[in-house]
Amino acid sequence: MDKALLKMPTIETKRLILRPVSISDAIDMFEYASDKEVTRFLTWKTHEKITDTYYAIENIFDKRIDNNYPEAYALILKTENKMIGMCDFVYFNENNRCGEIGYVLNRKYWGNGYMVEACQEVIKIGFDRFNLIRIQITHDINNYQSQRVIEKLGFTYEGIKRKGLVKWDGTACTLKKYAIIDSDYKNKE
Ligand SMILES: CC(C)(COP(=O)(O)OP(=O)(O)OC[C@H]1O[C@@H](n2cnc3c(N)ncnc32)[C@H](O)[C@@H]1OP(=O)(O)O)[C@@H](O)C(=O)NCCC(=O)NCCS
């Protein structure tokens, strides 16, 4: 894919600015990445030191385009001008025309519908900018908060994958899997 397309545009929603993650987000990112409640269901280990966060930005997020992935979005809360979370394609395959969305939000800001607001834009970009035919999403079966976000976004439930993911601590979890395909998306527009 043309690398210029993978460079994500800045988008303004009602309450958020979505713009690519940058090294200047490290302090705000560390605030949630070091919170064990936030990382409980995630694949990556809770950050212990700010250097863990710098490492993640430099070695994962700054390398997205080189690895043929779209840049990851930082969610900036307009009223506070603060980076409160992220939303991105954690899997992106141009040949299969498929992407998978992942997200995380600072615990102080849970329960306000911010992630639904952000994901709606990422879904739009997936279909309209990248011409995907399928956008998928998964969550640990015990992660009810994520399940609610997915339901509110209108994803179709596709089933369970038992021992579908081994987390950083070596434990395997059961995943619930969902997708929106291009025809679902066009019918909703
Ligand atoms: C999943 C997550 C991004 C949801 O974001 P959000 O913007 O808070 O989502 P919503 O406001 O739509 O709330 C979703 C559900 O969380 C629950 N919830 C809301 N506030 C909560 C709080 N303070 N504490 C615990 N649960 C809460 C509610 O059940 C809510 O559903 P409802 O609107 O039907 O009542 C956020 O909880 C998070 O970052 N979790 C940790 C990271 C994670 O699990 N990522 C997903 C991996 S698949």
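Refer to the preceding data block for the structure.
Residues numbered from 1 in each chain as written. Predicted model: local features only at pLDDT ≥ 70, side-chain atom pairs only at ≥ 80, totals over all residues. Heavy atoms only, no water.

(A) Structural detail: helix H2 (residues 26–33). For H2, the full list of buried residues reads Ala26, Asp28, Met29, Tyr32 and Ala33. Each buried residue of H2 lies within a common arc of 165 degrees when the element is viewed along its axis, so the set occupies one face. Buried positions along H2 lie against helix H3 (36–39), helix H4 (50–59), strand E4 (82–93) and strand E5 (98–105). (Buried < 20%, exposed > 50% of the residue type's maximum accessible area, 1.4 Å probe, protein only. Helix = DSSP H or I, 4+ residues; strand = E, 2+ residues; numbered from the N terminus. Arc of directions from axis to C-beta. Contact = heavy atoms within 4.5 Å.)

(B) Local environment of the packing of H2 against H4. Put simply, H2 and H4 touch, their axes get as near as 9 Å, and they point 115 degrees apart. The angle between H2 and H4 places the two elements in the roughly perpendicular class. Seen along the crossing, H2 lies across H4 with a hand that is right-handed. From H2, Ala26, Ile27, Met29 and Phe30 reach across to H4, where they touch Ile50, Thr53, Tyr54 and Ile57. A class-by-class count of the residues in the contact of H2 with H4 yields seven nonpolar, one polar and no charged. (Axes fitted to C-alpha atoms, helices over the stretch in contact; angles between N-to-C directions. Parallel < 35°, antiparallel > 145°, perpendicular 65-115°, else oblique. Left-handed = near helix turned anticlockwise from the far one by under 90°. Nonpolar A, V, L, I, M, F, W, Y, C, P; charged D, E, K, R; others polar.)

(C) Inspection of the pattern of salt bridges at higher detail. Applying the stated criterion across every chain, the model contains 15 salt bridges. Ionic pairing is found between glutamate 48 and lysine 45, a salt bridge with its closest N-O pair at 3.5 Å. The exposure class assigned to glutamate 48 is exposed, which follows from its relative accessible area of 57%. A salt bridge links aspartate 52 to lysine 49; the shortest N-O distance between them is 3.4 Å. Taking relative accessible area as the criterion, lysine 49 reaches 46% and is therefore assigned partly exposed. Sharing partners across several salt bridges, the network here consists of Asp28, Glu31, Lys82 and Lys108. (Salt bridge = Lys/Arg side-chain N within 4 Å of Asp/Glu carboxyl O.)

(D) Structural view of the site of the ligand. Taken together, 20 residues form the shell around the ligand, and within it Gly113, Asn143, Gln145, Arg148 and Lys152 come nearest. Here leucine 105 contributes a backbone N or O atom positioned 2.8 Å from an oxygen atom of the ligand. The contact in question runs from an oxygen atom of the ligand to an N or O atom on the backbone of glycine 113, over 2.8 Å. Within the complex, 75% of the 940 Å² of free accessible area of the ligand lies under protein. Elements with a minimum of two residues in the shell around the ligand: E5, helix H5 (114–128), strand E6 (134–140) and helix H6 (144–153). (Near = heavy atom within 4 Å. Polar contact = N/O pair within 3.5 Å; in protein donor to acceptor, adjacent residues only side chain to side chain. Areas by Shrake-Rupley, 256 points an atom, 1.4 Å probe, with all protein chains shown as cover.)

(E) How the structure looks around the side chain of glutamate 121. Take glutamate 121: it is sitting in helix H5. Leaving out residues up to four positions away in the same chain, glutamate 121 has contacts with Ile11, Thr13 and Leu18.

(F) Up close: H5. For H5, which comprises 15 residues, the first-to-last C-alpha distance of 22 Å matches the rise-based estimate of 21 Å (1.5 Å per residue) to within 8%. Counting buried positions along H5 yields 12 of 15 residues, so the element is predominantly enclosed. Along H5, the positions that sit buried rather than exposed are Tyr114, Met115, Val116, Glu117, Ala118, Cys119, Glu121, Val122, Ile123, Ile125, Gly126 and Phe127. (Expected span 1.5 Å × (residues − 1).)

(G) Quick peek at the sheet that holds strand E1 (residues 11–12). Within the open sheet, the eight strands sit side by side as E1-E2-E3-E4-E5-E6-E8-E7. Their pairing is mixed. If you trace the sheet from one side to the other, it starts and ends with E1 and strand E7 (156–166), each paired once. Relative to strand E2 (residues 16–20), E1 runs antiparallel, the two sharing two bridges. Opposite glutamate 12, over in E2, you have isoleucine 17 as the bridge partner. (Pairing = 2+ DSSP bridges.)

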